[in-house]
Amino acid sequence: IRNTSHSTPDVCQEFFNHGLVDPLVWRLMPDHDPLERAEFMASASTSSLLPDASHPWREACFRAAGSLINLAEKCPDVAHRLASDRRLIYLLIEAWGGANALTPVVPNNKYNGASSSKLGSSSSLPLLHLGLAAILHAAGDGGALEGGLDDVMIQVLEKEKIRKRVAQRKEEERKRH
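Everything quoted here is computed from the prediction, not taken from an experiment.

Visitor: Can you help me understand the overall build of the protein in this one?
Guide: In terms of regular secondary structure, the protein is built from nine helices and zero strands. Helices (α) and strands (β) of the protein occur, in sequence order from the N terminus, as α-α-α-α-α-α-α-α-α. Burial analysis of the protein (177 residues in total) assigns 35% to the buried set. Restricting to contacts in the protein with at least 6 residues of sequence separation, those with at least 24 account for 67%. About 10,000 Å² of surface is accessible on the protein, with carbon and sulfur atoms providing 55% of the total.

Visitor: For this particular structure, what's the right way to read the pattern of salt bridges?
Guide: Where side chains of opposite charge bring their charged atoms close, a pairing between them can arise. For the structure shown, the criterion picks out seven salt bridges. For Asp 22, the salt bridge is made with Arg 81, and the minimal N-O distance between the two is 3.0 Å. Here the residue Asp 22 occupies a position in helix H2 (residues 21-28), and Arg 81 occupies one in helix H5 (residues 76-82), the gap between them amounting to 59 residues. One salt bridge connects Arg 174 with Glu 171, and the closest N-O pair in it is separated by 2.5 Å. Taken as a pair, Arg 174 and Glu 171 lie in helix H9 (residues 151-176) at a separation of three residues, close to a single helical turn.

Visitor: What is the right way to look at helix H4 (residues 58-74) in this model?
Guide: The α-helix advances 3.6 residues per turn, and as a result positions three or four apart in sequence lie on the same side. With 17 residues, H4 extends 25 Å between its outermost C-alpha atoms, agreeing within 8% with the 24 Å of an ideal straight helix rising 1.5 Å per residue. Of all the residues in H4, the buried ones are Cys 61, Ala 64, Ala 65, Ser 67, Leu 68, Ile 69, Asn 70, Leu 71 and Ala 72.

Visitor: Please explain H9 as it appears in this structure.
Guide: Given a rise of 1.5 Å per residue, 26 residues ought to cover 38 Å, and the 37 Å separating the end C-alpha atoms of H9 matches this to within 8%. Where H9 begins, one side-chain oxygen reaches toward the backbone nitrogen of Val 152, 3.2 Å away; that side chain belongs to Asp 150.

Visitor: In this structure, what is going on with the nonpolar core? I would like to understand it.
Guide: The nonpolar side chains of a soluble globular protein tend to be buried with one another. Counting residues in hydrophobic clusters, the biggest one holds 43 residues, and the most contacted among them are Leu 28, Leu 82, Leu 92, Ile 93, Trp 96, Leu 132 and Ile 135. Mapped by element, the contributors of at least two residues to this core are H2, H4, H5, helix H6 (86-97), helix H8 (130-140) and H9. Here the element with the most residues in this core is H4; it accounts for seven residues. In this structure Ile 135 touches Ala 72, Ala 79, Leu 82, Ala 83, Ile 89 and Leu 92, once residues within four positions along its chain are discounted.

Visitor: Mind showing me how you'd approach the packing of H2 against H4 here?
Guide: For any two helices packed against each other, one specifies the crossing angle of their axes together with the interaxial distance. Look at H2 against H4: their axes get within 9 Å of each other, and the N-to-C directions meet at 140°. Of the possible angle classes, the one that applies to H2 and H4 is oblique. Between H2 and H4 lies a crossing of left-handed hand. Here H2 contributes Val 21, Leu 24, Val 25, Arg 27 and Leu 28 to the contact with H4, which in turn contributes Ala 60, Cys 61, Ala 64, Ala 65, Ser 67, Leu 68 and Leu 71. When its residues are assigned to classes, the contact of H2 with H4 shows 10 nonpolar, one polar and one charged.

Analysis parameters
Residues numbered from 1 in each chain as written. Predicted model: local features only at pLDDT ≥ 70, side-chain atom pairs only at ≥ 80, totals over all residues. Heavy atoms only, no water. Helix = DSSP H or I, 4+ residues; strand = E, 2+ residues; numbered from the N terminus. Buried < 20%, exposed > 50% of the residue type's maximum accessible area, 1.4 Å probe, protein only. Contact = heavy atoms within 4.5 Å. Areas by Shrake-Rupley, 256 points an atom, 1.4 Å probe, with all protein chains shown as cover. Salt bridge = Lys/Arg side-chain N within 4 Å of Asp/Glu carboxyl O. Expected span 1.5 Å × (residues − 1). Polar contact = N/O pair within 3.5 Å; in protein donor to acceptor, adjacent residues only side chain to side chain. Core = buried A, V, L, I, M, F, W, Y, C linked by side-chain atoms within 4.5 Å. Axes fitted to C-alpha atoms, helices over the stretch in contact; angles between N-to-C directions. Parallel < 35°, antiparallel > 145°, perpendicular 65-115°, else oblique. Left-handed = near helix turned anticlockwise from the far one by under 90°. Nonpolar A, V, L, I, M, F, W, Y, C, P; charged D, E, K, R; others polar.

Below, the structure is given as structure tokens:
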């Protein structure tokens, strides 16, 4: 699934049409089985929604999250489906950028150690995956998420805009020299 999720939009749409998305979501959010759900929630720390390294299903969760993000990149139906669940979006953000990606940065807040100059930095998060961007845009612009985007989601999109502007300036500077 992970390898073919990098495939063409037609293949990704067929995965969606044949119900492949829901089992991957279930892998990340085992709401159907109360015992597994309790064990899953007990494994998630307060700073992380994904299981820690001591749990054997950690790798499966990351692979499922990566596959969902890849599918969302090529298939708007997948992006819209994933964008309708706030907790799932948090899991996907964490799988992409780590638990730190779930912490909103408040300028000049002595408690989170962030300065206003760090806000403009794009180094704290990796390049935004196009699939995750599609999910966030479906959640916000597409209206899939009740209540719209929150501070964490907006921050992810804003940091990507900053990163793009910095990259464009560097490219323009490189072309001038």
